[in-house]
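The lines below spell out each chain.
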Amino acid sequence: MTKEPLLDIRDFSLVFDTFDGTYHAIDRVNLSLQPGEALGLVGETGCGKSVLTRAAFGLVPTPPARITGGSVKLAGRELLGLSDRELRQVRGRQVAMIFQDPMTYLNPVFRIGTQLIDAIRAQSGGRIKRVEAKAIALDMLEKVQLPNPERQLAAYPHELSGGMRQRVLIAMALAAKPRLLIADEPTTALDVTIQAQILDLMAGLVDEMGLTMIMISHDLGVVAQVCSRVAVMYAGKVVEDAPIAQIFDAPAHPYTQGLLAALPHPFRRQDRLASIPGTLPDLLHPPSGCLFAARCAQAAPACGVPVPMRPVGEAHRVACTLYDDERKKEPAHV
Amino acid sequence: MQRSAGAMKRLIIKRLSLMLVMLLGLAVITFTVTNIAPGDPARLAAGPDASQEMVEKIRVERGFDRPLPARFLFYLGQLAQGDLGNSVYTSRPVAQDVAVFLPATLELVLFSILIAVVLGVPFGVLAAVYQNRLPDHAIRFLSVSGVALPMFWLGLMLQWYLSLELGLFPLGGRLGIFDEVPPRITGMITFDALLAGDPATAGNALKHMVLPAIALSFPALAAIIRVNRAEMLEVLGRDYVVNARAQGIGPFRIVAIYALKNAILPTLAMIGLRFGWMLGGTVLVESVFDFPGIGLYAAKAAISSDFEPIMAVTLILGAAFMLTNLLIDLAYALLDPRVRNQI
Ligand SMILES: Nc1ncnc2c1ncn2[C@@H]1O[C@H](COP(=O)(O)OP(=O)(O)OP(=O)(O)O)[C@@H](O)[C@H]1O
Ligand SMILES: [Mg+2]
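Residues numbered from 1 in each chain as written. Chains lettered and ligands numbered in written order. Predicted model: local features only at pLDDT ≥ 70, side-chain atom pairs only at ≥ 80, totals over all residues. Heavy atoms only, no water.

Asks: Please set out the overall build of chain B residue by residue, giving values where relevant.
Replies: Along the backbone of chain B there are 14 helices and 2 strands. Oriented by its inertia axes, the alpha-carbon framework of chain B measures out at about 85 × 55 × 40 Å. Relative to its full complement of 343 residues, chain B shows a buried share of 45%. Intrachain contacts of chain B at a sequence separation of at least 6 include 72% that bridge at least 24 residues. With the model as given, the accessible surface of chain B reaches about 17,100 Å², and the carbon-plus-sulfur share is 69%. Where the 27 positive side-chain charges of chain B centre and where its 24 negative ones centre are 13 Å apart. (Helix = DSSP H or I, 4+ residues; strand = E, 2+ residues; numbered from the N terminus. Buried < 20%, exposed > 50% of the residue type's maximum accessible area, 1.4 Å probe, protein only. Contact = heavy atoms within 4.5 Å. Areas by Shrake-Rupley, 256 points an atom, 1.4 Å probe, with all protein chains shown as cover. Lys, Arg positive; Asp, Glu negative; His and termini not counted. Charge placed at Lys NZ, Arg CZ, Asp CG, Glu CD.)

Pasting the structure below:
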């Protein structure tokens, strides 16, 4: 780690002030990305992947959310505490986001062209003229291989298929040539064949534009195709962070092991997918120790106190007491 | 676009023919209700001073001696010729009265709906943007009063305070006694005066409408604020708003353009509904402010059991209500491409 990271999230915590009490959605998360790196962020639904990546760039409304600590640095610049205007510039120019459901992320009552041109002009802080923005929009639509770009500009979102809309959203996100791309389950809502096309397209663009990327997914298989490193989140915490090969070959955290066991295996016959028994802990009253302990077959008394991340290999870190020196116990493999 | 223009035309024709059917139904109802009401229609039509002989003559002449279905057909025939019957009270053909009083009411109602929309939509937006903060609470106070205060009571209070106490506005009527009524073009004095190049009279006519329009628009204002606030809240939480923010688009543009164009659609439906209610509300408000419109005309006719004007006004208000709904649906289609595709 000699270079300065492009994105450096340190001890980031966020709560939602709800009617029932304080919901501890994100708890002291650390994430760091080198320029050009592609990180996969995985974890089951509701574990805080979207909230984390959105809140870091001021996209989660406060209230109800409240950032309770930590720091988010983009290319060395602290983002927490910036004004909305400054954050808007960051979002438009440096950080691009692509979301899960292309059906709902385009405004249904405006033409594709209007939305693209508006976005491109906003990204430039209003410096780009309408005509110029239109040229960029056409150029980008060609880049994402949308057929008939000129005609699509006049179309409304409902006239396009899901895959086409996702291409439009990718074109929109990348028009300003950002440095960081956050792809929040960009293919989950699409047909399998379309998924592969979109993943290919994204991988190509990431390469071509030299983007740094966080790819959020439930699906370790998808992540394996695009990312070199994986961070596993559970109940608002990052519990394991490792190169992709390590995650598949030597998953350290019992939760990660569970996730892998839940993957359909191409060579093994399975009657049904394995799944991890139990449910997410109550984050209104989170336990003080490991949040996974209640679902963990290998839980021990030591799991009742806060469990920090510790190194277990080359660039491989995990938050689990199995690797405590005191708990001299071989990690179980599933 | 070409295709959707044709579809639009077909929609309009379809809706207009449907309107005719509904108006026919409305005519059946008003006709039946007024004709099974107690009282001798021939005597009423002849007036209190007429001799028995006169009454019998009118009974035959106007067909009151025939069975109800036959009389209804006769009534429809008259309607088809634009004959709305006669008013005992004004002793003029109802059609003539309507031509005089309807434009006055239209003017008043248009002014009222304008107030309700021009204030209601921005207030709804503000309340949503500042949800649960001071502007929201202040605006909620306004919209709750709009529900709680009866229209006629509000009218009386406005009269008492703004007119009698402060003398800011005239107590009632449509023009001052010294104002010259402009030559009739639309029948709406404000417009006619402007067309005649007499802005002073136009201003005066407007001033006469301020208090009744406030009273008339208040409940509609409240309803529009409530609907628009709720819709804005919902829309501001939608995914496309998150995406717009992620692109760095500014809050004003997101609220006033991206979100509002979506939120205004359900609000439009409420505006149409309230426009219809306002037409009915003119009966109360025009009575309070002695404003010579169709509502006051209907109220006076009702008091003197003058049936034909009441039936005519009911039909006219019904038609106006249906036309408004058609206009709202067309506006919907204009604003929402998904609706446009369905027609
Ligand atoms: N406005 C809010 N108020 C209260 N809780 C919220 C709010 N928004 C999100 N949460 C909670 O924060 C948690 C994390 O949500 P998030 O959307 O980040 O999950 P996720 O990991 O992205 O899940 P998925 O894979 O389903 O997208 C969830 O438990 C959710 O209930
Ligand atoms: Mg998510």
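Asks: Tell me about the interface of chain B and chain A, and name the residues and values.
Replies: With 23 residues of chain B at the interface, the matching set in chain A holds 30 residues. The junction of chain B with chain A conceals about 2,300 Å² of combined surface from both sides, 55% of it contributed by carbon and sulfur atoms. Broken down residue by residue, the surface that chain B buries against chain A is led by B:Arg245, B:Gln247 and B:Tyr258, which jointly contribute 25%. Across the contact surface, chain B and chain A share 1 salt bridge. Between B:Arg253 and A:Asp118 there is a salt bridge whose closest N-O contact spans 2.8 Å. Run the count over chain B and chain A and you get 11 residue pairs in polar contact (both at pLDDT 80 or more). Tallying contributions element by element places helix α11 (residues 251-288) of chain B first for the side of chain B that touches chain A, with 7 residues. Class assignment for the residues of the side of chain B that touches chain A results in 10 nonpolar, 6 polar and 7 charged. (Buried area = accessible area lost by both parts, 1.4 Å probe. Salt bridge = Lys/Arg side-chain N within 4 Å of Asp/Glu carboxyl O. Polar contact = N/O pair within 3.5 Å; in protein donor to acceptor, adjacent residues only side chain to side chain. Nonpolar A, V, L, I, M, F, W, Y, C, P; charged D, E, K, R; others polar.)

Asks: Account for the site of ligand 1, with residues named and values stated.
Replies: All names here are of chain A. Around ligand 1, the surrounding shell holds 13 residues, and the nearest of these are Tyr23, Thr45, Gly46, Ser50 and Val51. Within the contact set of ligand 1, an oxygen atom lies 2.4 Å away from a side-chain nitrogen or oxygen of threonine 45. Between ligand 1 and the protein, one listed contact pairs an oxygen atom with a backbone N or O atom of glycine 46 at 2.8 Å. For the shell around ligand 1, the secondary structure elements donating two or more residues are β1 (7-18) and α1 (49-55). The element that contributes the greatest number of residues to the shell around ligand 1 is α1, accounting for 3 residues. Of the residues in the shell around ligand 1, the class split is 5 nonpolar, 6 polar and 2 charged. (Near = heavy atom within 4 Å.)

Asks: Lay out the environment of B:Leu11 with the relevant residues and their values.
Replies: Of note, B:Leu11 is situated in helix α1 (residues 2-36). Looking at B:Leu11, the relative accessible area reads 16%, which means it is buried.

Asks: Can you lay out a nonpolar patch on the surface for me, pointing to particular residues and giving the numbers?
Replies: Residue and element names in this part refer to chain B. On the surface, Phe152, Trp153, Leu156, Met157, Trp160, Tyr161, Leu164, Leu166, Leu168, Leu171 and Leu284 cluster together into a nonpolar patch covering about 1,100 Å² of accessible area. Sorting elements by how many residues they give to the nonpolar patch places helix α7 (residues 151-165) first, with 7 residues. Positionally, leucine 284 belongs in helix α11. Classification of leucine 284 as partly exposed rests on a relative accessible area of 42%. (Patch = residues over 30% accessible without salt bridge, like charges linked within 9 Å, V, L, I, M, F, W, Y side chains within 5 Å.)

Asks: Describe the pairing of strand β2 (residues 21-33) of chain A, listing the residues and the values that go with them.
Replies: Residue and element names in this part refer to chain A. Across 9 bridges, the pairing between β1 and β2 is antiparallel. Looking at β2, one finds that aspartate 17 is bridged to threonine 22. Where β1 folds back on β2, the antiparallel hairpin that results is connected by 2 residues. (Pairing = 2+ DSSP bridges.)

Asks: Pulling in residues and values, what's your account of the packing of aromatic side chains?
Replies: Across all of its chains, the model carries 10 aromatic pairs over all chains by this definition. Arranged with centres 5.3 Å apart and planes meeting at 65°, the rings of A:Tyr255 and A:Phe292 form a pair that is edge-to-face. Within this pair, whereas A:Tyr255 is found in helix α10 (residues 254-261), its partner A:Phe292 is found in the loop between α10 and β11 (310-313), the two being separated by 37 residues in sequence. Each member of the pair, A:Tyr255 as well as A:Phe292, carries the same accessibility label: buried. If you follow B:Arg66 out to its NZ or CZ, it ends over the ring of B:Phe74, 5.2 Å from the centre. Directly above the aromatic system of A:Phe110 lies the positively charged group of B:Lys261, at a separation of 4.8 Å from the ring centroid. (Phe/Tyr/Trp six-rings, centres within 6.5 Å; stacked < 30°, edge-to-face > 60°. Lys NZ or Arg CZ within 6 Å of the ring centre and 35° of its normal.)

Asks: Give me the packing of helix α10 (residues 239-246) of chain B against α11(B): which residues, what numbers.
Replies: Residue and element names in this part refer to chain B. At a minimum axis distance of 11 Å, the contact between α10 and α11 shows a crossing angle of 160°. When the interaxial angle is binned, α10 and α11 end up roughly antiparallel. The two elements α10 and α11 meet at a crossing, and its hand is right-handed. For the pair formed by α10 and α11, the contact residues are Tyr240, Val241, Ala244 and Arg245 on the first element and Ile254, Tyr258 and Asn262 on the second. Its residues assigned to classes, the contact of α10 with α11 comprises 5 nonpolar, 1 polar and 1 charged. (Axes fitted to C-alpha atoms, helices over the stretch in contact; angles between N-to-C directions. Parallel < 35°, antiparallel > 145°, perpendicular 65-115°, else oblique. Left-handed = near helix turned anticlockwise from the far one by under 90°.)

Asks: Which residues make up the sheet that holds strand β6 (residues 95-98) of chain A, and what are the values?
Replies: Residues and elements named next belong to chain A. What the 8 strands build is an open sheet, ordered β6-β7-β8-β3-β9-β10-β12-β11; its pairing is mixed. Two strands close off the open sheet at either side, each with one partner strand: β6 and β11. Each neighbouring strand pair of the sheet contributes to a mean axis angle of 20°, computed without reference to strand direction. Each of β6 and β7 (180-184) is contacted by helix α6 (residues 162-174), which is oriented at about 170° to β6, the strand it contacts most.

Asks: So what's going on with the sheet that holds strand β4 (residues 65-74) of chain A? Residues and values would help.
Replies: All names here are of chain A. Spatial strand order, β2-β1-β4-β5: 4 strands in an open sheet with antiparallel pairing. With partners counted over all chains shown, the strands left at the sheet margins are β2 and β5 (77-78), one partner each. Across 8 bridges, β1 lies against β4 in antiparallel orientation. Looking at β4, one finds that isoleucine 9 is bridged to valine 72.

Asks: Tell me what's going on with the packing of helix α5 (residues 94-129) of chain B against helix α12 (residues 294-303) of chain B, and back it up with residues and numbers.
Replies: Residue and element names in this part refer to chain B. Where α5 contacts α12, the two axes come as close as 7 Å, and the packing angle between them is 135°. Our classification of the angle between α5 and α12 gives oblique. Across the interface between the two elements, Val94, Asp97, Val98, Phe101, Leu102 and Thr105 of α5 pack against Ile294, Gly295 and Tyr297 of α12. Across the contact of α5 with α12, the residue classes break down as 6 nonpolar, 2 polar and 1 charged.

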